[in-house]
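# Architecture and fold: a report
Each chain is listed here by its residues.
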Amino acid sequence: MRIRLLFILMTICAGGAAGAADLHRITLPPPTVSLKEGAGVYVVRRYCSICHSLDYITTQPKFPKAKWQTEVAKMIKVYGAPIPEESAKVISDYIAAYYGTGS
Ligand code: HEC
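Here the structure is a predicted model, which means the values were calculated and not measured.

Attention shifts here to the packing of helix α4 (residues 65-77) against helix α5 (residues 85-99). Helix-helix packing: each pair is described by the crossing angle between the helix axes and the interaxial distance. Where α4 contacts α5, the two axes come as close as 9 Å, and the packing angle between them is 135°. Taken together, the axes of α4 and α5 lie oblique to each other. In this structure, the crossing between α4 and α5 has a hand that is right-handed. Counting all contacts with α4, which are made through K65, W68, Q69, V72 and I76, the residues of α5 involved are A88, I91, S92, D93, I95, A96 and Y99.

Pasting the structure below:
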C-alpha cells in the first residue's frame, strides 16, 4: 500500500516536471512607437496598448477630438477595453492634442 502511494506521488511529481518543461517562452518585438510626451501619455500607453500596437493611434489622420472620443468609446463598448470613464477622457484629450486637430 505504501509503495503504491509512493508510486502515485512520483507519477504526479514527474508529470508536473514534464509540464514545466513544456512551457513556451516568446519574445515580443520591441515597441515600434514612442508617443510624444505630454499630459496623459502614461494613461494612453497603459490602456491603448493592451490589445494592439500604439501604431493604431499614430498612423491615423489628424481627427478632431469628437472623433477620438468616439474611437475610444468604440474600444470600450465594442471591443471590451477595460478603461475607466475618467481615463477615457484623458486619453481622447491627449490624442486630440498630440495626434489630432486639438479640439
Ligand atoms: C480590448 C482590446 C482593445 C483595446 C484595449 C484598445 N483597442 Fe483599439 N482596436 C481593438 C480592435 C479589436 C480593433 C479592430 C481590429 C483591428 O483592426 O486590429 C481596434 C482598432 C483600433 C483603431 C483602428 C480604427 C478602428 O476603429 O478599427 C484605432 C485607431 C484604435 N483601435 C485605437 C485605440 C485606442 C486609442 C485605444 C485606447 C483607448 C485602444 N484602441 C484600445 C481593440 C482594442
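Once you've had a look at it, read on.
Think of an α-helix as 3.6 residues a turn; residues three or four steps apart then line up on the same face. Of all the positions in helix α2 (residues 41-48), only V41, V44, Y47 and C48 are classed as buried. Across the axial projection of α2, the buried residues extend over an arc of 145°, all falling on one side. Projecting away from the buried face of α2 at angles above 90 degrees are the exposed residues Y42 and R46. The inward-facing, buried residues of α2 abut α3 (55-58) and α5.

With that settled, the discussion passes to the coordination of the iron atom of the ligand. Reference geometry at the metal: tetrahedral coordination by four donors gives ideal angles of 109.5 degrees; octahedral coordination by six donors gives 90 or 180 degrees. Protein coordination at the iron atom of the ligand: the donors are H52 (NE2) and M75 (SD), at 2.0 to 2.2 Å from the metal. For the iron atom of the ligand, the six donor atoms in the first shell make angles of 87 to 179° at the metal, a pattern classed as octahedral. Placement of H52 in the loop between α2 and α3 and of M75 in helix α4 is noted, with a sequence separation of 23 residues between them.

With respect to the element layout, I76 can be found in helix α4. For the pair I76 and A88, spaced twelve residues apart in the sequence, the C-alpha separation amounts to 8.8 Å. In this view, I76 contacts A81, I83 and A88; residues no more than four positions away in its chain are not counted.

Turning our attention to the site of the ligand. Taken together, 19 residues form the shell around the ligand, and within it C48, C51, H52, E71 and M75 come nearest. At 2.8 Å, a side-chain N or O of H52 approaches a nitrogen atom of the ligand. At 2.7 Å, a side-chain N or O of Y56 approaches an oxygen atom of the ligand. Judged by its atoms lying within 2 Å of the grid points, the ligand is housed in the largest pocket. Secondary-structure elements contributing two or more residues to the shell around the ligand are α2, α3, α4 and α5. Sorting elements by how many residues they give to the shell around the ligand places α4 first, with five residues.

Reading guide: rules and limits
- Residues numbered from 1 in each chain as written.
- Predicted model: local features only at pLDDT ≥ 70, side-chain atom pairs only at ≥ 80, totals over all residues.
- Heavy atoms only, no water.
- Axes fitted to C-alpha atoms, helices over the stretch in contact; angles between N-to-C directions.
- Helix = DSSP H or I, 4+ residues; strand = E, 2+ residues; numbered from the N terminus.
- Parallel < 35°, antiparallel > 145°, perpendicular 65-115°, else oblique.
- Left-handed = near helix turned anticlockwise from the far one by under 90°.
- Contact = heavy atoms within 4.5 Å.
- Buried < 20%, exposed > 50% of the residue type's maximum accessible area, 1.4 Å probe, protein only.
- Arc of directions from axis to C-beta.
- Donors = N, O, S within 2.8 Å, 3.2 Å for Na, K, Ca; no water.
- Tetrahedral: all angles 85-135°; square planar, octahedral: opposite > 155°, others 65-115°.
- Near = heavy atom within 4 Å.
- Polar contact = N/O pair within 3.5 Å; in protein donor to acceptor, adjacent residues only side chain to side chain.
- 1 Å grid on protein atoms, 1.4 Å probe; cavity = no way out; pocket = protein on both sides within 12 Å on 5 of 7 lines; lining within 4 Å.
- Sits in = over half its atoms within 2 Å of the grid points.

Geometric values such as these leave the question of function open.
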